[in-house]
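# Topology and contacts: notes
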Amino acid sequence: MNMIPSVSRQIAFVQYDDQSSSMTVQYHTGFKASYTNVKQDEYLLIFSSVNRYDSLMRLTENRYMEGQNPTK
């Protein structure tokens, strides 16, 4: 499992599970969003990007979001 810390002021971290090809975005508010069928190279683009937030938004804007339950 890989994690990108502190993507932006709103996003605490982005975590990727290569076993399930899923990505979790954890917001500072406690909101957590999970994305399925994310390819590892797509995740690595976020990791290597100069602007991680913009790269994350491009990846997630057209994807199905599931499990939008905020965590405390």
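Residues numbered from 1 in each chain as written. Predicted model: local features only at pLDDT ≥ 70, side-chain atom pairs only at ≥ 80, totals over all residues. Heavy atoms only, no water.

Of all hydrophobic cores here, the largest spans 14 residues; its most connected members are Val14, Met23, Val25 and Leu56. Listing elements by their share of this core, those giving two or more residues are strand 2 (11–17), strand 3 (22–27), strand 4 (32–35), helix 1 (40–48) and helix 2 (52–60). Residue contributions to this core peak at three residues, all from strand 2. (Core = buried A, V, L, I, M, F, W, Y, C linked by side-chain atoms within 4.5 Å. Buried < 20%, exposed > 50% of the residue type's maximum accessible area, 1.4 Å probe, protein only. Helix = DSSP H or I, 4+ residues; strand = E, 2+ residues; numbered from the N terminus.)

Summary statistics for the protein chain give a mean pLDDT of 81 and a share of 83% for residues scoring 70 or more. Contacts from residues 65–72, a stretch scored under 50 in pLDDT, to residues over four places away or in other chains number 18 contacts. (pLDDT = per-residue confidence, 0-100. Contact = heavy atoms within 4.5 Å.)

Now for the packing of aromatic side chains. A complete count under the given rule lists two aromatic pairs for this structure. A ring pair is formed by Tyr16 and Tyr43, whose centres lie 4.9 Å apart and whose planes are at 20°; its orientation type is stacked. Of this pair, Tyr16 sits in strand 2 while Tyr43 sits in helix 1, and the two are 27 residues apart along the sequence. Judged by relative accessible area, which is 2%, Tyr16 ranks as buried. A relative accessible area of 1% means that Tyr43 is categorised as buried. On the numbers, 5.4 Å between centres and 55° between planes, the contact of Tyr27 with Phe31 is tilted. With a relative accessible area of 21%, Tyr27 lands in the partly exposed category. (Phe/Tyr/Trp six-rings, centres within 6.5 Å; stacked < 30°, edge-to-face > 60°.)

Here we come to the pairing of strand 2. Working note: regular strand, side chains alternate between the two faces of the sheet. Among the seven residues of strand 2, five are classified as buried, and the element is accordingly described as predominantly covered. Both strand 1 (residues 2–5) and strand 2 contribute to a ladder of four bridges, which runs antiparallel. In the strand pairing of strand 2, Asn2 is matched with Tyr16. Where strand 1 folds back onto strand 2 in an antiparallel hairpin, the turn is made up of five residues, including Ser6, whose phi is positive at roughly 45°. Judged from the six bridges that link them, strand 2 and strand 3 form a sheet pairing that is antiparallel. Counterpart to Asp17 in the pairing with strand 3 is Ser22. (Pairing = 2+ DSSP bridges.)

Now for unusual backbone geometry. Backbone geometry places Ser21, a non-glycine residue, at a positive phi of 55°. Tracing the backbone through its elements, the reader meets Ser21 in the loop between strand 2 and strand 3. With a phi angle near 55°, Asn37 is a residue other than glycine that sits in the positive phi range. Tracing the chain through its elements places Asn37 in the loop between strand 4 and helix 1. Take Asn37: its relative accessible area is 62%, and that puts it in the exposed class.

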